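Working through the structure, step by step
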Amino acid sequence: LKKGDYVGVYIPNSANFAKAFLAITTLGACAVLMPPHLDAVTVFGCSLKFGLKALVCAESLKENTKFLQEKRPDFTIIGEDESREEKTDLVLVEGEEPCTVIFTGGTTGKSKGALLNNKAVLKGTKNGCYGTMDVFEQKYLLVLPLTHVFGLIRNLLTSLYTGSTLFICRNNKDMFRDVATFNPTIMVMVPALAEMCLNLSKQFKRNMLGTSLKNIICGAATVPPYLVTEYEKFGIDLLPGYGLTESANLVSGNAEPKRKVGSVGLMYDGMDYKIVDGELWLKGDNMLTCYVGEPEENAIAFEDGYFKTGDLVRIDEEGYLYIVGRKKEIIVLPTGENISPAEIEAEFAKIDALQDCLVYESTVDGKSVLALEVYPRATILATIDVEDKDAYLKEQINLVNKTLPIFKRISKIVIRTTDFVRSPSMKIVRSENGKN
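**Here we look at the sheet that holds strand β16 (residues 290-291)**
- Reading across from one edge, β4-β3-β1-β2-β5-β6-β16 is the order of the 7 strands in this open sheet, with mixed pairing throughout. A strand with exactly one partner marks an edge of an open sheet, and here the two such strands are β4 (76-79) and β16.
- Bridging between strand β2 (residues 30-33) and strand β5 (residues 98-104) involves 2 bridges; their strand directions are parallel. Note that in β5 the partner of Ala31 across the bridge is Thr100.

**So, the environment of Leu239**
- Inspection of the secondary structure assignment puts Leu239 in strand β11 (residues 237-244).
- Sequence-distant contacts of Leu239, defined by excluding residues within four places in its chain, comprise Gly131, Thr132, Asn215, Ile216, Ile217, Cys218, Asn254, Ala255 and Pro257.

**Concerning the packing of aromatic side chains**
- Counting across every chain of the model gives 6 aromatic pairs.
- Geometrically, the ring pair formed by Phe50 and Phe103 is edge-to-face, given 5.8 Å between the ring centres and 75° between the ring planes. Here Phe50, found in the loop between α2 (40-49) and β3 (52-57), pairs with Phe103, found in strand β5; they are 53 residues apart in sequence, far enough to count as distant.
- We classify Phe103 as partly exposed; its relative accessible area is 21%.
- Judged by centre distance (5.1 Å) and plane angle (50°), the rings of Tyr130 and Tyr268 are tilted. Of this pair, Tyr130 sits in the loop between α4 (118-127) and β7 (139-142) while Tyr268 is found in the loop between β13 (266-267) and β14 (272-276), placing the two residues 138 residues apart along the sequence.
- Through successive ring pairs, a cluster of aromatic residues spans Tyr291, Phe302 and Phe307.
- Stacked on the ring of Phe50, the Lys or Arg Lys49 has its end atom at 6.0 Å from the ring centre.
- Here the basic side chain of Arg314 rests over the ring of Tyr322, its NZ or CZ set 4.0 Å away from the ring centre.

**Some thoughts on the pattern of salt bridges**
- Under the counting rule described, the total for this entry stands at 27 salt bridges.
- A salt bridge links Asp5 to Lys53; the shortest N-O distance between them is 3.1 Å. Note that Asp5 is positioned in the segment before β1 (6-10) and Lys53 in strand β3, a separation of 48 residues in sequence.
- By relative accessible area, which is 43% here, Lys53 ends up partly exposed.

Conventions and cut-offs
- Residues numbered from 1 in each chain as written.
- Predicted model: local features only at pLDDT ≥ 70, side-chain atom pairs only at ≥ 80, totals over all residues.
- Heavy atoms only, no water.
- Pairing = 2+ DSSP bridges.
- Helix = DSSP H or I, 4+ residues; strand = E, 2+ residues; numbered from the N terminus.
- Contact = heavy atoms within 4.5 Å.
- Phe/Tyr/Trp six-rings, centres within 6.5 Å; stacked < 30°, edge-to-face > 60°.
- Buried < 20%, exposed > 50% of the residue type's maximum accessible area, 1.4 Å probe, protein only.
- Lys NZ or Arg CZ within 6 Å of the ring centre and 35° of its normal.
- Salt bridge = Lys/Arg side-chain N within 4 Å of Asp/Glu carboxyl O.

That is the geometry; function is a separate question.
This is the structure in structure tokens:
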């Protein structure tokens, strides 16, 4: 293997993943991060699409490489524990040269490989140092996938960059045992996971995340204000942020979430942006080079040197950023009004008794209307002394509904008894929900 080669990393969360990633990138090669849930045919497809010269594979996933070996008998597969006595020289790389490829849904929902160069990865790693007072020599517990930009950059690389210790949770079922063993000072989470940890803390009347935790960096989905308030009671600052795979993780962070409720914070140093028809466009050292092998997608995603995020935003007078929706999720009503579901959902998310909600277009008596599907927060409902919990929820929803402009009001309420269908990164999958 040599500088410029593309090498796959097909390993679950572990120290071996970190070793493989660092070995590949310090060789000057490009690490293509392949989620462990990929099947045999997809692994073979990736070897062709990204022109892989080799694949570093976990023993537990070797079965999924048999199809690849049948189709490409000369292809090199390296075991995760393999090593040799000879040392390889450190290779100096340029900022514009490729570092890693990470899968993303991007702006269109189609899975693509976002190519991040060395400059972008380093800038993203440095961005992870912002927003908290205590930066160096922290204790990180990793629970997010290392094949996800949030896990790779904000967890692994920022912890290394700041001289911090990283404890890698290999199975999330063992997360609380690992917390008790390691006692982290900082964690990086998505809101659904933070919600689960909070619910368990309330249930067992003690902080399930240990006695040393000071900060939770939270992103990848909308962060309910409720989480900020409730974690503060445990002496933990939950700090919302905004970022994309295409931006090498964080673009902005909110160090004052109680003062700036609902904001994902201030843009980080060196982030050039503009807002075009409500959509956020980004440019900077942290941005992706391209989607690998996707000329049509690249033509759609870039304009005037800016990457079009697909996120609809607003910025207040102090420069704080607010995400109000996704361009592709806009609902056009028969009246011609354009509705951003996320903007309406953010209003209902302020109800403490609601854990998650989803706005979508539905039909009532043959008419197209806005519907709201909600998943209650059981820990809050249990403390409310009312006999009819559903009636109470609907009353709270209607109070918020009356504050909205008439064309944004919902006309149908669905109360769920089970959680929404979620992606591996625990985001609500809109295409799989909201069909009632």
